[in-house]
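Residue-level listing of the chains:
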Amino acid sequence: MITVETVGKLQAVLSEARQGGRTVGLVPTMGALHAGHASLVTRCVAENDICVVSVFVNPTQFNDKNDLASYPRDLEADCTLLRSIGAHVVFAPTVEEVYPEPDTRQFSYPPVDTVMEGARRPGHFNGVCQVVSKLFQYVQPERAYFGEKDFQQIAVVRAMTRDLRLGVDIVACPIVREESGLALSSRNQLLTASERATAATISRTLSESIGWKKSGAKVAEVEARVVETIDTTAGLRTEYYQIVDSDTLQPVADWESAKGIVGCITVYCGSRPVRLIDNIRYK
Ligand code: PAF
């Protein structure tokens, strides 16, 4: 495994590695890697000749300075994990390397980027598109791997990839969970042990809601019951729970309104508090 910090070095390494038609896969990350990231990297290694992992905490996608400052970082531990699972190239640039000039590009992909996270974190998806488009340009991968925990992010990245005709196959990988059901996230590191136990209520409630749907509850009833269950748990506060069409991410009126339906949630947990997201597929 080789670690590079500059775009020039990355491209030199990749142009040599591509000789003989070798394929390249990319796993974009912000580091603080866990088993969820490892599952993306393992799949990338299996499906491509060369697996590139980017480790870069992208400032342009944070609309909250404190959130950016407290985001966990540990490049050494990340590299140890990546080496053990067979990644070939780690790209860990500085902010100046990725943004030598302020990025003034504006990306807008309604309706998928205007709802849920898009409505509550102004500029977040614009920042994601800025950095992902740069990474795609540097690496020119055949495939790029994203975790389904960030369900909306995948929809936005797909829209951008189509719009700019980047020719990258976006591979969505299933959420990896702790034994308690809590979706793995770098932010889980910021939770105390007892907050972590409390946070498991989120996925447990989402799983239970599948049964509520089966017993005949309407969409609005399931939404209300999920929010009520979580908000009556000490230490948790729901920011939103929305049951949406899995393609357009628009709210659905009933279970027959769309072919694919997913429930997306954001919850604040603990005293800090830590913002956690999760989702569940109903059909
Ligand atoms: O999902 C993330 O970790 C980030 O949003 C990404 C895709 C690496 C872009 O910074």
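Read on for an overview of the structure. Sequence order as written defines the numbering, with residues in each chain counted from 1. The model is predicted, so local features are restricted to residues of pLDDT at least 70 and side-chain atom pairs to those at 80 or more, both for listing and for counting; the totals for chains, interfaces and linings are taken over all residues. Excluding hydrogens and water, the side-chain figures rest on all heavy atoms present in the structure.

1. A word on helix α9 (residues 193–214)
Helix numbers and strand numbers start at the N terminus; a helix is a DSSP run of H or I with at least 4 residues, a strand a run of E with at least 2. A helix is expected to span 1.5 Å for every residue after the first. If you check α9, its first and last C-alpha atoms are 33 Å apart, about what 22 residues at 1.5 Å a residue would give, namely 32 Å. Within α9 the residues assigned to the buried category are E195, A199, A200, T201, I202, S203, T205, L206, S209 and W212. Contact definition: two residues touch when any of their heavy atoms are within 4.5 Å. Here the buried face of α9 lies against α10 (219–231), β7 (236–245), β8 (261–269) and β9 (274–281). Positive backbone phi, approximately 105°, marks G216, located one or two places after α9. Buried residues are those whose accessible area, probed at 1.4 Å on protein chains only, stays under 20% of the maximum for their type, while exposed residues exceed 50% and partly exposed ones sit between those limits.

2. Brief notes about α10
The terminal C-alpha atoms of α10 lie 18 Å apart, and with 13 residues this matches the ideal 18 Å at 1.5 Å per residue to within 8%. For α10, the full list of buried residues reads V219, V222, V226 and I230. Mapping the buried residues of α10 onto a view down its axis gives an arc of 65°, with all of them on the same face. Among the exposed residues of α10, those oriented more than 90 degrees off its buried face are A220 and E228. Contacts made by the buried residues of α10 are with α9, β7 and β8. It is the directions from the helix axis to the C-beta atoms that the arc portrays.

3. A few points about the packing of aromatic side chains
Pairing of aromatic rings covers Phe, Tyr and Trp, the last through its six-membered ring, and needs centres within 6.5 Å; plane angles under 30 degrees mean stacked, over 60 mean edge-to-face, and all others mean tilted. Applying the stated criterion across every chain, the model contains four aromatic pairs. Relative to Y99, the ring of F56 lies with its centre 6.4 Å away and its plane at 40°, an arrangement referred to as tilted. With F56 in the loop between β3 (50–55) and α3 (65–70) and Y99 in the loop between α5 (95–98) and α6 (116–120), this pair connects stretches of sequence that are 43 residues apart. A relative accessible area of 6% means that F56 is categorised as buried. Accessibility expressed as a relative area gives 11% for Y99, which makes it buried. Seen from their ring centres, F62 and Y71 are 5.6 Å apart, and the 75° between their planes marks the pair as edge-to-face. Like Y71, F62 is buried. For K213, the ring lying beneath its charged end belongs to W255, and the centroid distance is 5.3 Å. For a Lys NZ or an Arg CZ to count as sitting over a ring, it must be within 6 Å of the ring centre and within 35 degrees of the ring normal. One residue, R225, lies across the ring of W212, its end atom 4.1 Å from the ring centre.

4. Examining the sheet that holds β7
A pair of strands counts as paired when DSSP detects no fewer than two bridges linking them. The strand order across the open sheet built from three strands is β7-β8-β9, with neighbouring strands paired in antiparallel fashion. Of all strands in the sheet, those bounded by a partner on one side alone are β7 and β9. When strand polarity is set aside, the average angle formed by the axes of neighbouring strands in this sheet is 15°. Of the strand pairs in this sheet, β8 and β9 are connected by eight bridges, and their pairing is antiparallel. Bridging from a neighbouring strand, T266 pairs with I277 of β9. Convention adopted: a line fitted to C-alpha atoms gives each axis, helices being fitted over their contacting stretch, and angles between N-to-C directions are expressed from 0 to 180 degrees. Contacting β7, β8 and β9, α9 runs over the sheet at an angle of about 25° to β9. Against the sheet, α10 engages β7 and β8, with an angle of about 160° to β7.

5. Topic: the pattern of salt bridges
Opposite charge on two side chains allows them to pair when their charged atoms are near. A carboxyl oxygen of Asp or Glu within 4 Å of a side-chain nitrogen of Lys or Arg is what we treat as a salt bridge. Counted under the stated rule, the structure contains eleven salt bridges. In this structure, D67 engages R187 in a salt bridge whose closest nitrogen and oxygen atoms are separated by 2.7 Å. You can see D67 sitting in helix α3 and its partner R187 sitting in the loop between β6 (169–173) and α9, a full 120 residues away along the chain. The burial state of D67 is the same as that of R187; both residues are buried.

6. Re the site of the ligand
Neighbouring the ligand are the residues P28, T29, M30, N58, Q61, V131, F146 and Q153. Polar contact is defined as a pair of N or O atoms within 3.5 Å, subject to the rule that within protein one atom must be able to donate a hydrogen and the other to accept it, and that residues adjacent in sequence are counted only when both atoms are side-chain atoms. Separating an oxygen atom of the ligand from a side-chain N or O atom of Q61 is a distance of 2.6 Å. For the ligand, whose free accessible area comes to 290 Å², the fraction covered by protein is 89%. The class makeup of the residues in the shell around the ligand is four nonpolar, four polar and no charged. Throughout, near means a residue has at least one heavy atom within 4 Å of the molecule or strand. Only the protein chains shown count as cover for residues, and all accessible areas are computed by the Shrake-Rupley method using a 1.4 Å probe. Charged means Asp, Glu, Lys or Arg here, nonpolar means Ala, Val, Leu, Ile, Met, Phe, Trp, Tyr, Cys or Pro, and polar covers whatever is left, Gly included.

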